[in-house]
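So you can see what is in the structure, the chains are spelled out below.
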Amino acid sequence: DSGVTQTPKHLITATGQRVTLRCSPRSGDLSVYWYQQSLDQGLQFLIQYYNGEERAKGNILERFSAQQFPDLHSELNLSSLELGDSALYFCASSATGGDYGYTFGSGTRLTVV
Amino acid sequence: GENVEQHPSTLSVQEGDSAVIKCTYSDSASNYFPWYKQELGKRPQLIIDIRSNVGEKKDQRIAVTLNKTAKHFSLHITETQPEDSAVYFCAASRGKGYSTLTFGKGTMLLVSP
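Colleague: Mind showing me how you'd approach the pairing of strand S8 (residues 72-77) of chain B here?
Modeller: Put simply, side chains in a regular strand alternate between the two faces of the sheet. Residue and element names in this part refer to chain B. Summarising the sheet, strand S3 (residues 19-25) and S8 pair through six bridges and their orientation is antiparallel. Within S8, the position partnered with Val-20 by the bridge is His-76. Across six bridges, the pairing between strand S7 (residues 62-67) and S8 is antiparallel. Looking at the pairing, Asn-67 lines up with His-72 of S8.

Colleague: Whenever I open this one, the sheet that holds strand S6 (residues 56-59) of chain B confuses me. Can you help?
Modeller: Adjacent strands of a sheet form backbone hydrogen bonds with each other and so pair up, either parallel or antiparallel. All names here are of chain B. In spatial order, the strands read S1-S3-S8-S7-S6; together these five strands make up an open sheet with antiparallel pairing. This sheet does not close on itself; its edge strands, each paired only once, are strand S1 (4-7) and S6. Across the sheet, the axes of successive neighbouring strands diverge by a mean angle of 15°, strand direction being ignored.

Colleague: Any chance you could explain the side chain of A:Gln68 here in plain terms?
Modeller: All names here are of chain A. Inspection of the secondary structure assignment puts Gln-68 in strand S7 (residues 64-68). Looking at Gln-68, its side chain comes within polar contact range of the main-chain oxygen of Leu-72, at 3.1 Å. Once residues within four sequence positions are removed from consideration, Gln-68 is found in contact with Leu-30, Val-32, Tyr-49, Tyr-50, Asn-51, Gly-52, Glu-53, His-73 and Ser-74.

Colleague: Looking at this structure, I do not really get the state of the cysteines. What am I missing?
Modeller: By definition, a disulfide is the covalent link that joins the sulfur atoms of two cysteine residues. Considering all chains together, one arrives at two disulfides over all chains under this definition. Put simply, A:Cys23 and A:Cys91 are joined by a disulfide, and their sulfur atoms are 1.8 Å apart. Judged by the sign of its S-S torsion, about -50°, the bond between A:Cys23 and A:Cys91 is left-handed. Taken together, the positions of A:Cys23 in strand S3 (residues 19-24) and A:Cys91 in strand S9 (residues 87-94) put the pair 68 residues apart, joining distant regions of the chain. In terms of burial, A:Cys23 and A:Cys91 fall into one category: buried. Shown here is the disulfide that connects B:Cys23 with B:Cys90, its sulfur atoms set 1.9 Å apart. Taking the torsion about the sulfur-sulfur bond, which here is approximately -100°, the covalent link between B:Cys23 and B:Cys90 counts as left-handed. One end of the pair, B:Cys23, is in strand S3; the other, B:Cys90, is in strand S9 (residues 86-92), with 67 residues separating them in the sequence. For the pair B:Cys23 and B:Cys90, one class covers both residues: buried.

Colleague: What exactly am I supposed to notice about the pattern of salt bridges here?
Modeller: Proximity of charged atoms lets side chains of opposite charge pair with each other. Residue and element names in this part refer to chain A. A complete count under the given rule lists ten salt bridges over all chains for this structure. A salt bridge links Asp-29 to Arg-26, with the shortest nitrogen-to-oxygen separation between them at 3.1 Å. A relative accessible area of 3% places Asp-29 in the buried class. In this structure, Glu-53 and Arg-55 form a salt bridge, with 3.9 Å as the shortest nitrogen-oxygen distance. On the accessibility criterion, Glu-53 (46% relative accessible area) is partly exposed. Residue class for Arg-55 comes out partly exposed when judged on its relative accessible area of 36%. By sharing partners, the salt bridges in this structure join Arg-63, Glu-82 and Asp-85 into a single network.

Rules and cut-offs
- Residues numbered from 1 in each chain as written.
- Chains lettered and ligands numbered in written order.
- Predicted model: local features only at pLDDT ≥ 70, side-chain atom pairs only at ≥ 80, totals over all residues.
- Heavy atoms only, no water.
- Pairing = 2+ DSSP bridges.
- Helix = DSSP H or I, 4+ residues; strand = E, 2+ residues; numbered from the N terminus.
- Axes fitted to C-alpha atoms, helices over the stretch in contact; angles between N-to-C directions.
- Polar contact = N/O pair within 3.5 Å; in protein donor to acceptor, adjacent residues only side chain to side chain.
- Contact = heavy atoms within 4.5 Å.
- Disulfide = S-S within 2.5 Å.
- Buried < 20%, exposed > 50% of the residue type's maximum accessible area, 1.4 Å probe, protein only.
- Salt bridge = Lys/Arg side-chain N within 4 Å of Asp/Glu carboxyl O.

The values are spatial; any link to function lies outside them.
Now the structure itself:
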């Protein structure tokens, strides 16, 4: 157990639907990152939050949004889902920023049918 | 922004051989370079990292070298074993505050008995 908890582990949904992925960071970590992993795209950075505030944005679609709550857990919302959104979504946390390695959660596998 | 190129995309070796994976980065301000190992269906895990104030770091059978002038760094695995088979990702960041990690596309290492 890495200390980073992601739920659910698997999610199957239809095109056009909306889903919410949840992440609880490791105890003491203030930064949360979301990454999308598709078969041929490696780890694509989506968004970073630090202590409740958005800090950096990567290749995140407008249909996707995220937030970090006062208890530091984070949620990634994916709407108007398309087949191409099927991927493994990882959450990672770190104490501060990219000056130390991230600890990844086990991921949520999203399948859009 | 930072761009990290990783080669090769796949690498097959015989058990006991050495394996080398190479990465180049574009941002001369990057100074933190971690490597992650991802086994099939599992989360990426940090295996070794290096900062720009050193040129080489070793941990048992794993070593990482850094050439800041040429902006490239490499992962060396000696005496490979079947359990080393996994996807390896390099990454880079400015290593300050809220900077994020940029990942390479990964190298699938297959170690045959």
